[in-house]
Structure formats: structure tokens, C-alpha cells
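These are the residues of each chain, in order.
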Amino acid sequence: MAASNTWINTKLPSSCSSSSPFKELGSSSTNPTTSITLKKRSNTNSNTISCSLQTLHFPKHYQQPQSTNTKTATTTPTKENKSPPSSDTTKQQQVTPQRWNLLQKAASMALDIAEKALVSHERQHPLPKTADPKFQIAGNFAPVPEHPVQHSLPVAGKIPKCIEGVYVRNGANPLYEPAAGHHFFDGDGMVHAIRFKDGSVSYASRFTETERLVQEKALGKPVFPKAIGELHGHSGIARLLLFYARGLFGLVDGSHGMGVANAGLVYFNNHLLAMSEDDLPYHVRVTPNGDLKTVGRYNFNGQLKSTMIAHPKVDPVNGDMYALSYDVVQKPYLKYFKFNSDGVKSPDVEIPLSEPTMMHDFAITERFVVVPDQQVVFKLSEMIRGGSPVVYDKEKVSRFGVLDKNASDASGMRWIEAPECFCFHLWNAWEEPENDEIVVIGSCMTPADSIFNECDESLKSVLSEIRLNLKTGKSTRRPIINGDSDQQVNLEAGMVNRNKLGRKTQFAYLALAEPWPKVSGFAKVDLFSGEVKKYLYGEQRFGGEPLFLPRDPNSEREDDGYILTFVHDEKEWKSELQIVNAMNLKLEASIKLPSRVPYGFHGTFIHSKDLRKQA
């Protein structure tokens with residue numbers, strides 16, 4: 001589909017010859033293709049696409065024939081991997097025009113013409129900033145091509161001896177240039193890996209080869225609607241119908257998931273998993289030389305049959321992993337489950353909700369899971385009225401559910417109201433038995449839906465302490481940083497010491513999300529006193545989520561460790577990885593990177609001893 005390259009006006013420094021970041025990806029300036037994605041879920045019925053916005057049924061008589069070019073991933077059980085010896089992933093299917101019959105080719109041409117007309121119509125109307133590529137993927141939010149592993153990177157300073165392994169960070173990186181609406185969250189998943197080995201450092205970045213990306217690459221163009229940037233109003237309905245029609249004729253196959261895997265990363269049971277809440281995780285392997293390879297869509301040896309949110313929690317004491325799955329179409333809208341340290345899944349616990357709610361994150365304590373049921377909900381009927389299906393419901397009262405980690409059903413769940421509280425992320429939670437309270441640490445956002453819908457009011461993200469009293473059923477909330485202080489800043493994206501997750505923690509390390517949505521540094525916040533210590537990247541230098549890496553898990557000091565963070569210089573148009581001492585916020589080392597690293601989402605660190613046990 002032809003589209004003018006002026007649709008994206010990415011601001012690059014004058015030293016860059018490219019007027020569009022997609023030229024780095026090899027797209028033509030005269031005939032760039034469009035970028036379209038849809039949040040999707042898998043289903044055991046191969047004739048059903050169970051997605052986050054609509055359930056589409058493929059007729060059996062017109063299922064696309066399986067390609068001979070398939071990719072199956074399996075895991076051989078070892079002493080470290082005690083999961084049942086069955087297939088981890090479903091086959092990746094490639095739908096190629098070369099295998100289409102005459103009817104399919106004719107249908108493809110007709111649907112391309114219809115889509116072109118739809119794009120032409122959409123361009124006659126201005127897009128909100130939350131769906132306009134000129135804002136959503138401008139500057140260093142713009143994508144980059146893959147970068148094969150490069151070794152012996154230049155290092156300034158000294159890398160601490162305890163840093164041996166790989167730091168991996170996820171992010172949204174659209175392969176194809178958008179021709180219509182695009183939200184930053186819509187991009188294809190790309191993992192960036194910094195490998196530390198014997199004093200040497202390497203870097204690589206690779207797309208996570210999701211089912212949808214494999215199909216789009218095989219077709220040479222994007223074919224999936226974007227869940228946030230495009231699926232709103234009547235145009236969103238038209239895009240769903242176009243996608244349904246392509247599926248009807250076997251031009252695409254969404255029955256094996258359509259997620260983007262661009263948000264979270266977790267290393268669990270010897271598997272590095274890339275996740276977004278719209279699909280199963282994807283297993284990504286770090287190769288011996290520090291490169292990355294997608295193994296495939298991962299269902300925990302056939303145990304996981306629904307989506308999983310991008311922020312599962314691994315208990316640092318027992319090694320179990322806890323997770324949620326939400327559905328925006330049909331009940332149950334929310335499920336809870338866990339995996340023991342060997343990767344064996346518990347039965348689903350269905351949590352009754354009256355309407356589908358966005359559940360991006362949750363928290364754990366020693367005994368409980370804490371589930372936010374907040375005011376950002378999904379109302380698909382809003383699309384019929386011309387709006388977005390992601391809605392702030394002012395009539396709803398936010399609340400938190402407290403459920404025993406080992407519960408077999410939701411009958412013992414306690415719901416405690418917390419009015420006007422929307423936390424996109426929860427940093428930690430712990431129990432205070434002497435008060436019959438659970439303390440939840442999160443960043444409360446207002447307006448709650450401003451990430452998804454354009455709003456005149458400036459976004460505020462206030463680090464807050466929320467106390468849930470299990471005896472009275474009441475809650476209290478206070479800003480951790482004094483609201484009258486000039487220290488009050490937007491804090492988003494970060495973590496506590498993960499060795500203390502679910503336990504009382506003194507410090508949190510959070511991104512200084514200013515000027516929003518850029519990150520000018522990070523803050524070390526004392527959660528008890530409210531004291532804030534800032535580390536700023538410098539003029540025209542911005543980064544993302546700070547990762548806290550403990551120096552020694554047995555250290556007496558909770559802040560004994562290092563902060564790893566990507567930093568991009570917008571003046572020089574170069575990126576680096578910085579290593580900062582978490583105790584005194586002094587720069588220990590910086591690694592110059594061979595490629596620009598776009599601003600992204602969440603990451604983790606895998607120690608070398610764990611890398612040797614990868615599945």
C-alpha cells in the first residue's frame with residue numbers, strides 16, 4: 001500500500017541523512033508499507049481467533065493450508081528443567097502469496113483496494129496525539145533495524161566484577177512504517193542485549209519473531225490492525241472487518257496468537273520470556289556468543305491456554321511465579337494462576353468481575369496476591385459510537401482484591417475500595433500484621449486514561465503508599481514525596497530490589513518521567529522518609545527504566561548494588577549503557593553502543609551461571 005513518507009516527520013539531527021527512521025529498516029521512500037498490528041490471544045480451537053478486542057471464527061472450509069515452512073520449538077527435560085516433556089510452543093505458520101489460489105489472489109487485491117480507500121479517508125481527519133505517528137514514534141522513539149552481535153565494545157570506567165551475564169531490555173519497534181494511526185505500544189517487540197563476559201562487553205538487538213511478525217515478513221507488508229492506534233471508532237470496526245475478511249479467505253492466520261511481545265521480560269525456569277498482555281509469552285534464547293534467537297511461542301509445555309500479562313511476579317524465596325490473564329470479550333474477564341519453580345502450572349482461579357478491566361500489573365506479598373480493579377475499562381460499544389474502546393469510567397470505584405497465593409478459588413478474595421486510584425504499575429507490596437494492613441507502593445496516574453486517549457490535562461504520576469486494612473475493609477493513600485515539596489516529580493518505570501519483592505523495602509528506583517514522556521534521569525526514593533535523590537543524564541540526554549542489580553543477594557544493605565540504564569544523547573544521536581552505584585549514585589562505567597537504542601519498556605538481568613542452564 002503506497003503511503004507518503006511525509007506521514008512520519010521524525011526529528012533527526014542534521015548529521016543524519018535519513019529523513020525517516022524507516023529508511024534504516026530498508027523501506028522505500030517512494031513506496032513504504034504500512035504498519036498494522038492487533039492484540040490477539042490463542043485458543044485451543046484452531047478455527048478461532050480469541051483476541052483482546054473481538055473473537056473471530058475462521059470457517060473450516062477455508063482454513064489456510066499449513067505452510068511447509070514451519071517452526072516448532074521443544075524443550076528436552078534436564079535436571080534444571082523438570083517440566084513435562086511435551087511441546088513448548090505451537091507451530092509458527094507462514095502464509096505466503098506464492099501458495100494462494102486464484103480466488104485468494106483476487107480477494108487479496110480487492111481487500112488491498114478497500115484498505116487503501118480506508119486509509120485515504122482516515123487521512124482527511126486529524127489524528128489525536130495518542131494515535132499520531134508524528135508524535136508517537138518521533139525522535140528516539142523511532143524504530144531501528146536489528147543489530148547482529150558486536151563484541152569488545154569501548155568501556156569508560158570500570159565494570160564491577162559482580163556484573164557477569166546479560167542485561168536484556170524489551171521495547172516497541174515497528175518493522176513497517178505506519179500509514180494510519182499508531183500508538184507507541186503498538187510496535188513489534190525488539191529485545192536489546194548487553195552481554196558482560198570476562199571483562200568484555202557485547203551488544204545485539206533482535207526482533208522477537210512473533211506469529212504476526214513472521215506472517216507480515218512473509219507477505220512483505222503489514223496486515224494486522226493496531227490494537228491502540230487504529231482500533232477506535234468506525235475506522236476501527238472497518239479494520240476489524242478487513243482483517244476478518246482476510247482470515248476468511250486464508251490470507252492470514254491468527255489462530256496461533258497475534259501478540260507483539262514488546263513489554264516485559266522475565267527469566268523463569270531457565271527460559272527468557274518476552275511478553276505483552278495480549279498473547280502467550282515468547283521464548284527467546286541468548287546464544288553463547290551473546291546474540292538473541294526466538295525459539296517460539298511458549299505455552300509451558302501445553303499448560304498455558306490463555307494470555308498472560310507482561311508483569312508476572314517471581315517470589316525471591318520460593319522461586320514460584322504468579323500471573324494474571326484478562327479477557328476483554330467474554331467471561332471470565334480475569335484469571336489468576338501460578339507456576340512452581342519447576343514450571344508446573346496451578347489450575348486457573350476465575351476472579352469474578354462485572355466488566356473487562358485493564359490489568360497491566362499487580363503485586364505479591366509473602367502470603368497474598370494484590371489485584372487492582374481500576375477505572376480504565378474496555379467498552380467495545382464505544383467503537384460503534386465513534387470512540388475508543390479503552391475508557392475511563394468515572395462512575396466506577398477503584399478497588400484492590402486480596403487473595404491467598406495458594407487459593408484454589410476466589411471465594412476468599414477481599415475487595416477493598418480505593419477511590420480515584422489508577423496505578424499503571426505497582427512497585428511492591430508487603431504485609432504489616434501488627435496493623436492488619438497490606439502496604440502497596442505504586443505510581444498513581446491522573447488522568448487515568450491519558451496514555452490511551454488525548455487529554456488537555458497534563459499527566460501526573462505520583463508515587464504513593466496505599467494501605468489496605470484487612471480488618472476494617474478500608475484503605476488510605478498518601479503521596480510518599482511531600483506534595484508541597486519541589487521534589488515532587490513524575491515517577492514511572494522502575495523497581496525495588498527484586499530479592500526483597502513482596503517484603504518490606506526501603507528504596508525504589510524509578511524513572512524521572514520528565515519532560516513526559518521522556519525520561520531525564522532516575523530517582524532513588526526512600527519509601528519511609530520520602531527523601532529523593534536524583535541522578536540526571538544531562539542536557540539533551542534521556543533514558544528509560546532503571547534496572548537495580550544487587551551486588552550480593554546476602555548483603556546487609558538493601559541498596560548495595562548497581563543501576564543499569566540505557567541513555568541516549570539526542571544531540572550527538574548516540575546511545576550508551578551506564579552503570580551507576582546505587583548507594584552513592586556515582587557513575588561507575590559507561591559502554592558506548594554501536595547502535596541507537598530507542599526508548600523502550602522493561603528489562604531484566606540474567607547472571608552467567610543461569611545462562612549456562614538455559615533451556
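All values reported here derive from a predicted model rather than from experimental measurement.

Enquirer: Sorry, what's going on with empty space enclosed by the protein here?
Expert: Gaps left between atoms are located by rolling a probe of water-molecule size over the structure's atoms. Tallied over the full model, the rule gives eight cavities of 30 Å³ or more. Roughly 80 Å³ of internal volume is contained in the second largest cavity. Only β6 (165-172), β31 (541-543) and β33 (561-569) provide two or more residues apiece to the lining of the second largest cavity. Considering each element in turn, the lining of the second largest cavity owes the most residues, four residues, to β33. Partitioned by chemical class, the residues of the lining of the second largest cavity number seven nonpolar, six polar and two charged.

Enquirer: Sorry if this is basic, but what is going on with the state of the cysteines here?
Expert: A covalent bond between the sulfur atoms of two cysteines is referred to as a disulfide. For the structure on display, the rule yields zero disulfides. Left without a disulfide partner, Cys423 is nearest to the cysteine sulfur of Cys444, which lies 3.4 Å away. Classification of Cys423 as buried rests on a relative accessible area of 3%.

Enquirer: Sorry if this is basic, but what is going on with the environment of Lys293 here?
Expert: Mapped onto the elements of the fold, Lys293 is located in strand β12 (residues 292-297). For the pair formed by Lys293 and Ser205, sequence separation is 88 residues and the distance between their alpha carbons is 10.0 Å. For Lys293, the residues in contact, after removing those within four places along its chain, are His283, Val284, Arg285 and Thr287.

Enquirer: Looking at this structure, I do not really get the pairing of strand β26 (residues 475-479). What am I missing?
Expert: Within a regular beta strand, the side chains point alternately toward one face of the sheet and then the other, so they alternate between its two faces. Two elements, strand β25 (residues 460-469) and β26, share five bridges in a ladder whose sense is antiparallel. Across the sheet, the residue bridging to Glu465 is Arg478, located in β26. Following β25, the chain reverses through five residues before pairing antiparallel with β26; Gly473 in that reversal takes a positive phi of roughly 75°.

Enquirer: Please clarify how the sheet that holds strand β10 (residues 271-275) should be interpreted in this entry.
Expert: Where strands meet in a sheet, backbone hydrogen bonds hold them as pairs that are either parallel or antiparallel. Read from one edge of the open sheet, four strands run β9-β10-β11-β12, paired in antiparallel fashion. A strand with exactly one partner marks an edge of an open sheet, and here the two such strands are β9 (264-268) and β12. Going from strand to strand, the sheet's axes swing by 30° on average, the running direction of each strand aside.

Enquirer: Explain the packing of aromatic side chains here, please?
Expert: Think of a pair of aromatic rings as described by two things: how far the centres are apart, and how the planes are tilted against each other in angle. Taken as a whole and judged by the stated rule, the model has 14 aromatic pairs. With centroids separated by 5.2 Å and ring planes inclined at 45°, the aromatic side chains of Phe224 and Phe243 adopt a geometry described as tilted. Note that Phe224 is positioned in the loop between α3 (211-219) and α4 (233-248) and Phe243 in helix α4, a separation of 19 residues in sequence. The exposure classification of Phe224 matches that of Phe243, with both residues buried. Taking the centre distance of 4.0 Å and the plane angle of 20° together, the rings of Phe300 and Phe339 count as stacked. Linking Phe300 in the loop between β12 and β13 (313-314) with Phe339 in strand β15 (residues 334-339), this pair joins segments that are 39 residues apart in sequence. Phe339 shares its class with Phe300; the two are buried. Of the aromatic side chains, those joined through ring pairs into one cluster are Phe268, Tyr298, Phe300, Phe337 and Phe339. Its end group placed over the ring of Phe337, Lys345 keeps NZ or CZ at 4.8 Å from the ring centre. In this arrangement the basic side chain of Arg399 is found over the ring face of Trp415, its NZ or CZ atom lying 3.8 Å from the centre.

Enquirer: So what exactly am I meant to see when it comes to the sheet that holds strand β17 (residues 363-364) here?
Expert: Taken in spatial order, the four strands make up an open sheet running β17-β18-β21-β22, and their pairing is antiparallel. Looking at which strands have only one partner, the edges of the open sheet turn out to be β17 and β22 (414-417).

Enquirer: I'm lost on the nonpolar core in this one. Help?
Expert: Across soluble globular proteins, nonpolar side chains show a tendency to be buried alongside one another. The biggest cluster of nonpolar side chains holds 56 residues, and the ones touching the most others in it are Tyr326, Leu334, Tyr336, Ile441, Leu463, Leu491 and Val525. Counting 35 residues, the second largest nonpolar core, distinct from the first, contains Val201, Ala511, Leu564 and Val580.

Enquirer: Would you take a moment to explain the side chain of Asp373 for this structure?
Expert: Looking at where Asp373 falls in the secondary structure, it is placed in strand β18 (residues 368-373). Residue Asp373 is classed as buried on the basis of its relative accessible area, which comes to 3%. There is a polar contact of 2.6 Å between the side chain of Asp373 and the side chain of Lys396. Residues in contact with Asp373, not counting those within four places in the same chain, are Leu353, Thr357, Met359, Lys396, Val397, Ser398, Arg399 and Trp415.

Enquirer: Can you help me understand the pattern of salt bridges in this one?
Expert: Once their charged atoms are close, side chains differing in charge can pair, the charge on each being opposite to the other. Counted according to the given criterion, the structure contains 32 salt bridges. A salt bridge links Asp569 to Arg541; the nearest nitrogen and oxygen atoms lie 3.3 Å apart. Here the residue Asp569 occupies a position in strand β33, and Arg541 occupies one in strand β31, the gap between them amounting to 28 residues. The class for Arg541 is buried, based on a relative accessible area of 18%. Measuring nitrogen to oxygen at the nearest pair gives 3.0 Å for the salt bridge that ties Asp559 to Arg557.

Enquirer: It is not clear to me how α3 should be interpreted in this structure. Could you clarify?
Expert: Residues that lie three or four places apart on an α-helix share one face, since the helix turns once every 3.6 residues. Judged by how many residues are buried, α3 sits mostly within the fold: seven of nine residues are covered. For α3, the full list of buried residues reads Glu211, Arg212, Leu213, Val214, Gln215, Glu216 and Leu219. Residues of α3 that are buried in the fold lie against β8 (200-207), β11 (282-286) and β12. Downstream of α3 by one or two residues, Gly220 has phi in the positive range, about 80°.

Enquirer: Would you explain the environment of Gly538 in this entry?
Expert: Along the chain, Gly538 falls in the loop between β30 (532-536) and β31. You can call Gly538 partly exposed: its relative accessible area is 40%. C-alpha of Gly538 to C-alpha of Val567: the two residues are 29 residues apart in sequence and 9.8 Å apart in space.

Enquirer: What should I look at first to understand the pairing of β6 in this one?
Expert: Of all eight residues that make up β6, eight are buried, and the element is covered over most of its length. Pairing of β6 with strand β7 (residues 189-197), which is carried by eight bridges, proceeds in the antiparallel orientation. The residue of β7 that forms the bridge with Ala172 is Gly189. Pairing of β6 with strand β36 (residues 603-607), which is carried by five bridges, proceeds in the antiparallel orientation.

Criteria and cut-off values
- Residues numbered from 1 in each chain as written.
- Predicted model: local features only at pLDDT ≥ 70, side-chain atom pairs only at ≥ 80, totals over all residues.
- Heavy atoms only, no water.
- 1 Å grid on protein atoms, 1.4 Å probe; cavity = no way out; pocket = protein on both sides within 12 Å on 5 of 7 lines; lining within 4 Å.
- Points joined across faces, edges and corners; volume = space filled by probe spheres on them.
- Helix = DSSP H or I, 4+ residues; strand = E, 2+ residues; numbered from the N terminus.
- Nonpolar A, V, L, I, M, F, W, Y, C, P; charged D, E, K, R; others polar.
- Disulfide = S-S within 2.5 Å.
- Buried < 20%, exposed > 50% of the residue type's maximum accessible area, 1.4 Å probe, protein only.
- Contact = heavy atoms within 4.5 Å.
- Pairing = 2+ DSSP bridges.
- Axes fitted to C-alpha atoms, helices over the stretch in contact; angles between N-to-C directions.
- Phe/Tyr/Trp six-rings, centres within 6.5 Å; stacked < 30°, edge-to-face > 60°.
- Lys NZ or Arg CZ within 6 Å of the ring centre and 35° of its normal.
- Core = buried A, V, L, I, M, F, W, Y, C linked by side-chain atoms within 4.5 Å.
- Polar contact = N/O pair within 3.5 Å; in protein donor to acceptor, adjacent residues only side chain to side chain.
- Salt bridge = Lys/Arg side-chain N within 4 Å of Asp/Glu carboxyl O.

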